[in-house]
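# Structural overview
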Amino acid sequence: MAITASIAKAELLTEDILKAAELLQSGKNIVFPTETVYGLGADITHSTAVNRIFEIKERPADHPLIVHFADLEQISYWAKNISSQARKLVENFWPGPLTIILPKSKHVPYCVTGGQDTVGLRIPDHPVAISLLKILGPQKAVVAPSANRFGRLSPTSAAHVSEEISSKVSMVLDGGPCKVGLESTIISFCDPKPRLLRPGGIPLNTIEEILNQKVTVSINHNNNLRAPGMIASHYAPRTPLEVWSTEALDHRIDELLAQEHRIVILFWSDVFNSGQQQRFKYLRMPSDPVDYGHHLYAKLHHLDNERYDRLLIEMPPNLPDWLAVHDRLKRASHHFSIR
């Protein structure tokens, strides 16, 4: 019975992937899964569908999209002047949560790159995404940002794709929960030295080990090279979010409770004890940075639906492995600076 059910589910998913490919080829927009987050996609050869992504997300037209494709050999079709260091990195991490920025080829329209002469490229590590991209065939790609309103939380499951997004696309392709849960690491190879533009699913020290050189960290939003996720306020839930040091957290809790705010706290250390459960709701997060990143967006989506007045987060450890988590929390709490 279980084997029969699994076969039926696989066949149904194959039918869904074929349908999604047909929709993309006909110039429609779909939502599809990757290992990082769900993407709002369009066939790169359909400019109307590409432009519709910006309308659906309410995203500025100069904010570039990432080009997703299936075969490493296609990299030369989408980019030029590919350095040996760039090739070394993608050979180690593709398919995977790595986006590289390179000079674009003539095959990439400017509507994809936000008017820049550079392009972000990635091969996702998700069986549904890879199957979809392979069906589209060579010299085809899906351009996609995360499937959410611009600046808001990225979806890490089909259920997280909001009604306002799903109602504007032709299909939401369900591939289950994303195994990484944070957006891809973005490395630019458009300068003499590689630059980290966005920390993500692959730690910086791992990249530096493969390249055998230091990578310049350049993750603020004032860079001359625009890349996804670099604006100051990003990845934010609807509920106001604040990040506080362990030492300052208790004082901030007392302030908000005195104002009769309904609050929830996400913490990772042993700062709370069971006797405090009556004062407010709190949830423990993993003490491992990879697990923390994997669960972060899903937790924030869930808590957003519970209509709290404020989300408080205990600041994670200030260690290199936590760089991606710190980046997301800093941008999500931009209007309430991290203390």
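Fair warning: this is a prediction, and the values are worked out from it, not measured in the lab.

## Some remarks on the sheet that holds strand 8 (residues 185-188)
Strand order in this open sheet of ten strands is 7-1-2-6-3-5-4-8-9-10, and the pairing throughout is mixed. Each having just a single partner strand, strand 7 (171-172) and strand 10 (216-217) make up the two edges of the open sheet. In the packing of helix 2 (residues 47-57) onto the sheet, the strands contacted are strand 2 (39-43) and strand 6 (142-144), and the crossing angle to strand 2 comes to about 155°. Along the sheet, helix 6 (residues 127-136) makes contact with strand 1 (30-32), strand 3 (66-68) and strand 6, crossing strand 1 at roughly 130°.

## Observations regarding the pairing of strand 11 (residues 241-244)
The side chains of a regular strand alternate, residue by residue, between the two faces of the sheet. Side-chain alternation along strand 11 places Leu241 and Val243 on one buried face and Glu242 and Trp244 on a second face that is also buried. Across four bridges, strand 11 lies against strand 14 (residues 310-314) in parallel orientation. Bridge pairing links glutamate 242 to leucine 312 in strand 14.

## A word on the side chain of threonine 239
Along the chain, the position of threonine 239 falls in the loop between strand 10 and strand 11. Within polar-contact distance, the side chain of threonine 239 engages the side chain of aspartate 304 at 2.6 Å. Apart from the residues lying within four places of it in its own chain, the contact partners of threonine 239 are Asp304, Tyr308, Asp309, Arg310 and Leu311.

## Observations concerning the packing of helix 4 (residues 84-93) against helix 8 (residues 204-211)
At their nearest, the axes of helix 4 and helix 8 sit 9 Å apart, and the two run at 120° to each other. As the angle between them shows, helix 4 and helix 8 are arranged oblique. The two elements helix 4 and helix 8 meet at a crossing, and its hand is right-handed. Residues Gln85, Lys88, Leu89, Asn92 and Phe93 of helix 4 form the contact with helix 8, whose own contacting residues are Thr206, Ile207, Ile210 and Leu211. When the residues that make up the contact of helix 4 with helix 8 are grouped by side-chain class, the tally is five nonpolar, three polar and one charged.

Calculation rules
Residues numbered from 1 in each chain as written. Predicted model: local features only at pLDDT ≥ 70, side-chain atom pairs only at ≥ 80, totals over all residues. Heavy atoms only, no water. Pairing = 2+ DSSP bridges. Helix = DSSP H or I, 4+ residues; strand = E, 2+ residues; numbered from the N terminus. Contact = heavy atoms within 4.5 Å. Axes fitted to C-alpha atoms, helices over the stretch in contact; angles between N-to-C directions. Buried < 20%, exposed > 50% of the residue type's maximum accessible area, 1.4 Å probe, protein only. Polar contact = N/O pair within 3.5 Å; in protein donor to acceptor, adjacent residues only side chain to side chain. Parallel < 35°, antiparallel > 145°, perpendicular 65-115°, else oblique. Left-handed = near helix turned anticlockwise from the far one by under 90°. Nonpolar A, V, L, I, M, F, W, Y, C, P; charged D, E, K, R; others polar.

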